[in-house]
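# Inside the fold
The lines below spell out each chain.
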Amino acid sequence: MTESKGNWSRRDFLTGSIAGLGVLGAGAFLGGCSSPKAQGAASAAGAASESGRVDKNGIMLMDDWLGEAPEFSDADIDEELSCDIIVVGGGVAGVAAARAAAEDGSKVILFEKCSDLQSRNGEYAIIGSQFYKEHWDRDNLDIKMDVVDELMRVSCNRANQRLLNKWADHSGEAFDWFIAASPDINVFPTSTTLPPDGVTEWIQPRNLPAPEHYSLEREHWKCFFTCTSQFAPNQGFAFKNHAAKAMETGNLDVRLKCPVKKLLRDGDGPVAGVIAKEFGGKTYKATASKAVILCAGDYASNKNMLNYYNPWLHYNADPIYTSIDPEGNMANTGDGDIMAMWIGAKMEEGPHAAQTHNEGGALGVTAFFEADFHGHRIGNEDVPAQEIDNRLHSLYKCGAYQIFDAKWVDECPYLAPSHVQISTICTEEDCERNYWMQPNFGYAPPSWAEKCVEEGKAIKADTLDELIAQLDELDAEGKKNIKEAIEKYNASAKAGVDEEFGKRGDRMFAIENPPYYATKFKMQGILPMMSGLEVDENFHVLDEDREIIPHLFAAGNNAGGRFAGEYPVTAPGLTHGSALTFGMLAGQYASQGL
């Protein structure tokens, strides 16, 4: 077998010298790097002007965030490389593109900015997988158009349905190809299976069995969890095997710690290659006879781009679940988007989609009574985490209280099994042994509320008056308001009709069983930005006139058209499912000259 000619090889897998492949779990940063540095003045790819303003966090936001492409002379180039296809970025989409092209016989160079290849978390939204059908009897082809139609609805018809159809038609094929690289994987038959002693990595279905009282047909915000598989503790072990398959072709040259700085294009001609520069090392001019595929990630850590496309997101905390480059800077700074715009590519029109799933409070965003810091009910609480975060943007101090009583354990099973919404009560042992049986994913033991009180995540009182007295965000008028709001809510719950906001009557529960609990939640961190360059249904990048830029493809978060306004929880794991699928297809199409 041919080893890589770059700075990384298949042997790195076998010896374990690549530290975790940049795999990130919930809330974790990439290990082995220094603390992340804020990206304020400009993106990692380009420069900015001196004009700008300072935001509320003291970061200078530059008006000319796009800057200009850097110039490189022949004297700046230390080495020239040539291949058929260049892939920019080594995440889920990039590795899929590189593997697909390499297996098709193309010679591929993959440039990755960070020290390792990149993956995180472990949910995949997939339709039509033989693996799903064989192991979980989930032949979900019958809901394919229902899922796509719902995604179009929640995007207000701004998403590109041809792209969503592409995911729906090919994600099963892509996932089966991906998972076949891990033939010895532990497959759990249900979401509540407990791992045997010694088993620390596995895959399982989401919400199998479904909560007892759940009916998809009755949901206003539909969550098609039959599309979703979950790797535990994350997808790192499967991603590692997937990348190893790419290396086995002998056609892949991986260059780590080597960010691409510029795309090479002569006028309106085809994209011919890239300029890349190692951290503290060589500068390369690499040419590609077939195509360049951009899979360089999102722009959530580029404060200037974020302010330009999503100024409202400055209310949120800093980005999370991100990758760090060898100098300790956050790596998702929009490099691929910026470099493409330098050569005439069109960024998709807004509103851009941010993934800001609010984690809520002690019980997540489970649909109990919620009031703002003036004491007024915030609206229909029976909405997903993303929509809760959207609502918080317009509230006083961008926050709210969630209030529930001692019967929450009996009431949760009647609520929606969506992200950060508890709908299944389990044992403490379950939560300790199964990574996914946590409140963030819909499971909690009866002791959970008391544990949150002990940890300072919730407050508790024997009467509502005593509870309200402890709500420190409320002034005297606010405390009067919230008491009246609870009384009105209780009356609506007993009547089974919410005349104020239209919440389902069977999901309203009177707050009258002591002890009483309150928990606070505010704006939270930004996960990836889910918008990118305009592409056609075959992932060709388009210019400002929406004409194809020859030999330039995009996938992952460099490809726009999948979402608009927000990242919905319609099909949990769709960001990974679409990145894998579109990366695979882009690699195949580029290799075959489509």
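Coordinates for the structure precede this section.
Quick summary incoming for the structure in this document. Given the structure is predicted, the values throughout are model-derived calculations rather than measurements. (Residues numbered from 1 in each chain as written. Predicted model: local features only at pLDDT ≥ 70, side-chain atom pairs only at ≥ 80, totals over all residues. Heavy atoms only, no water.)

## Overview of the pattern of salt bridges
- Inspection of every chain in the model, using the stated rule, returns 35 salt bridges.
- Of the charged contacts in the structure, one is a salt bridge between Lys 346 and Glu 544, with a shortest N-O distance of 3.9 Å. On the criterion of sequence distance, the pair formed by Lys 346 in the loop between α8 (335-342) and β14 (369-372) and Glu 544 in the loop between β20 (540-542) and β21 (548-554) is long-range, its members being 198 residues apart.
- Salt bridges linked by common partners bring Arg 218, Glu 219, Asp 382, Arg 504, Asp 506 and Arg 507 together as one network. (Salt bridge = Lys/Arg side-chain N within 4 Å of Asp/Glu carboxyl O. Helix = DSSP H or I, 4+ residues; strand = E, 2+ residues; numbered from the N terminus.)

## Some details on the sheet that holds strand β18 (residues 459-461)
- Taken together, four strands build an open sheet; the order of strands is β14-β15-β19-β18 and the sheet is antiparallel. One side of each edge strand has no neighbouring strand; the edge strands of this open sheet are β14 and β18. Each neighbouring strand pair of the sheet contributes to a mean axis angle of 25°, computed without reference to strand direction.
- Relative to strand β19 (residues 516-522), strand β15 (residues 399-405) is paired through seven bridges, and the arrangement is antiparallel. Bridging from a neighbouring strand, Asp 405 pairs with Tyr 516 of β19.
- Each of β14, β15 and β19 is contacted by helix α9 (residues 385-392), which is oriented at about 75° to β19, the strand it contacts most.
- Strands β14 and β15 of the sheet are contacted by helix α14 (residues 476-495), whose axis makes an angle of about 150° with β14. (Pairing = 2+ DSSP bridges. Axes fitted to C-alpha atoms, helices over the stretch in contact; angles between N-to-C directions. Contact = heavy atoms within 4.5 Å.)

## As for the side chain of Ser 191
- Among the secondary structure elements, Ser 191 is positioned in the loop between α5 (161-179) and β8 (202-205).
- A polar contact is formed between the side chain of Ser 191 and the backbone nitrogen of Asn 207, at a distance of 2.8 Å.
- Contact partners of Ser 191, with chain neighbours within four places excluded, come to Gln 204, Pro 205, Arg 206, Asn 207, Leu 208, Asn 434, Met 437 and Tyr 443. (Polar contact = N/O pair within 3.5 Å; in protein donor to acceptor, adjacent residues only side chain to side chain.)

## Concerning α5
- For α5, which comprises 19 residues, the first-to-last C-alpha distance of 26 Å matches the rise-based estimate of 27 Å (1.5 Å per residue) to within 8%.
- Of all the bends in α5, the greatest measures close to 50° and is centred on His 170.
- Restricting attention to buried positions, one finds in α5 the residues Leu 163, Leu 164, Lys 166, Trp 167, Ala 168, Ser 171, Gly 172, Ala 174, Phe 175, Trp 177, Phe 178 and Ile 179.
- Two to three positions downstream of the cap, the backbone nitrogen of Arg 162 sits 3.0 Å from a side-chain oxygen, assigning the N-cap of α5 to Asn 160. (Expected span 1.5 Å × (residues − 1). Bend = angle between axes of the 7 residues up to and from the residue. Buried < 20%, exposed > 50% of the residue type's maximum accessible area, 1.4 Å probe, protein only.)

## Digging into the environment of Asp 253
- Locating Asp 253 in the fold gives a position in strand β10 (residues 252-255).
- Under the relative-accessibility criterion, Asp 253 is labelled buried at 11%.

## Examining the packing of helix α2 (residues 92-103) against helix α6 (residues 236-248)
- Between α2 and α6, the least distance of the axes is 8 Å, while the angle of their chain directions is 30°. With respect to α6, the element α2 is oriented roughly parallel. Judged by the twist between their axes, the crossing of α2 over α6 is left-handed. Here α2 contributes Val 92, Val 95, Ala 96, Arg 99 and Ala 102 to the contact with α6, which in turn contributes Phe 239, His 242, Ala 243, Lys 245 and Ala 246.
- Here the residues of the contact of α2 with α6 are counted per class, giving seven nonpolar, one polar and two charged. (Parallel < 35°, antiparallel > 145°, perpendicular 65-115°, else oblique. Left-handed = near helix turned anticlockwise from the far one by under 90°. Nonpolar A, V, L, I, M, F, W, Y, C, P; charged D, E, K, R; others polar.)

This is a description of form; function is not addressed.
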